[in-house]
Amino acid sequence: MAPPLLKLEDIRLSFGGTPLLDGAALSVSAGERIALVGRNGSGKSTLLKIAAGQVEPQDGDVFRHPGATVRYLPQEPDMDGFASVRAYVEAGLGPADDPHRATYLMEHLGLSGEEKPAELSGGEARRAALARVMAPEPDILLLDEPTNHLDLSVIEWLEDELQRTSSAVVLISHDRRFLE
């Protein structure tokens, strides 16, 4: 088995004295497909944020393979400060990433790139956020409720794209059909 690109061990995090995560663990190797399932409020999104480096645990070990790229899709993307969807999506690219992939994804997601982020519907914002995290073809995709606000045709497209990607995928979803 390949060594992990990402490993969380014995993760602990409390809010106001109440433990949210108590000894949580996650290990992600290249190409793996992992679904985090559980009740709302059980810490799934927080665990993804820790994996993405957006939240620091109070205790435990976090290992990210040096050089491994990680992209995180939050439930509510923050597009403040971007004049267009294209600017938002391309801001997710690294120096060596192909900007044509961003254009390809926007086109397949029904976006021209000229849309103003403040005027997007929930579904359009979700599609823009998906283009942003998928365009760089990261080593690990962390997706928090990726099908929220999407219509069936876009969900089916996303399923196909995720099956084709070489990225490891860790996702949270309550959509049982999508998880299959």
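The model shown is predicted, which means the values in this text are computed figures rather than measured ones.

A. Just the overall build of the protein chain, in detail. Across its full length, the protein chain holds six helices and seven strands. Ordered by position from the N terminus, the helices and strands of the protein chain form the series β-β-β-α-β-β-α-α-α-β-α-β-α. Its C-alpha atoms give the protein chain principal-axis dimensions of about 45 × 35 × 35 Å. Sorting the 180 residues of the protein chain into buried and exposed places 43% on the buried side. Sequence-distant contacts, at least 24 apart, represent 68% of the contacts inside the protein chain between residues at least 6 apart.

B. Just the pairing of strand E1 (residues 6-15), in detail. Across eight bridges, the pairing between E1 and strand E2 (residues 18-28) is antiparallel. The partner of Ser 14 across the bridge, within E2, is Pro 19. The loop that links E1 with its antiparallel partner E2 comprises two residues; one of these, Gly 16, has a positive phi angle of about 60°.

C. Region of interest: helix H4 (residues 122-134). Along its 13 residues, H4 runs 18 Å from first to last C-alpha, staying within 8% of the 18 Å computed at 1.5 Å per residue. The element H4 is largely enclosed, with a buried count of 10 among its 13 residues. Every buried residue belonging to H4 is among Gly 123, Ala 125, Arg 126, Arg 127, Ala 128, Ala 129, Leu 130, Ala 131, Val 133 and Met 134, and all of these are buried. Packing partners of the buried residues in H4 comprise strand E5 (70-73), helix H2 (85-90), helix H3 (99-108), strand E6 (140-144) and helix H5 (152-164).

D. Seen up close, empty space enclosed by the protein. With the rule as written, the count across this model stands at one cavity of 30 Å³ or more. The wall of the largest cavity is formed by Arg 101, Met 134, Glu 137, Pro 138, Leu 141, Thr 165 and Ser 167. Across the lining of the largest cavity, the residue classes break down as three nonpolar, two polar and two charged.

E. Highlighting the nonpolar core. Counting 31 residues, the largest nonpolar core has Met 134, Leu 143, Leu 158 and Leu 162 as the members making the most contacts within it. The element that contributes the greatest number of residues to this core is H4, accounting for seven residues. Within the second largest apolar cluster, 21 residues are counted, among which are Val 28, Leu 48, Ile 140 and Val 170.

F. How the structure looks around the packing of aromatic side chains. On inspection of all chains with the given rule, the structure shows one aromatic pair. Ring geometry for Phe 82 versus Tyr 88: centroids 5.4 Å apart, planes at 80°, classification edge-to-face. Taking relative accessible area as the criterion, Tyr 88 reaches 5% and is therefore assigned buried. One residue, Arg 132, lies across the ring of Tyr 88, its end atom 4.6 Å from the ring centre.

G. How the structure looks around the sheet that holds strand E7 (residues 168-172). With respect to topology, four strands assemble into an open sheet ordered E3-E7-E6-E5, the strand pairing being parallel. The strands lining the two open edges of the sheet, one partner per strand, are strand E3 (33-36) and E5. The mean inter-strand angle of the sheet, taken between neighbouring strand axes irrespective of direction, is 10°. Strand direction decides the pairing type here: E3 and E7, joined by four bridges, are parallel. The partner of Arg 33 across the bridge, within E7, is Val 169.

Rules of the game
- Residues numbered from 1 in each chain as written.
- Predicted model: local features only at pLDDT ≥ 70, side-chain atom pairs only at ≥ 80, totals over all residues.
- Heavy atoms only, no water.
- Helix = DSSP H or I, 4+ residues; strand = E, 2+ residues; numbered from the N terminus.
- Buried < 20%, exposed > 50% of the residue type's maximum accessible area, 1.4 Å probe, protein only.
- Contact = heavy atoms within 4.5 Å.
- Pairing = 2+ DSSP bridges.
- Expected span 1.5 Å × (residues − 1).
- 1 Å grid on protein atoms, 1.4 Å probe; cavity = no way out; pocket = protein on both sides within 12 Å on 5 of 7 lines; lining within 4 Å.
- Points joined across faces, edges and corners; volume = space filled by probe spheres on them.
- Nonpolar A, V, L, I, M, F, W, Y, C, P; charged D, E, K, R; others polar.
- Core = buried A, V, L, I, M, F, W, Y, C linked by side-chain atoms within 4.5 Å.
- Phe/Tyr/Trp six-rings, centres within 6.5 Å; stacked < 30°, edge-to-face > 60°.
- Lys NZ or Arg CZ within 6 Å of the ring centre and 35° of its normal.
- Axes fitted to C-alpha atoms, helices over the stretch in contact; angles between N-to-C directions.

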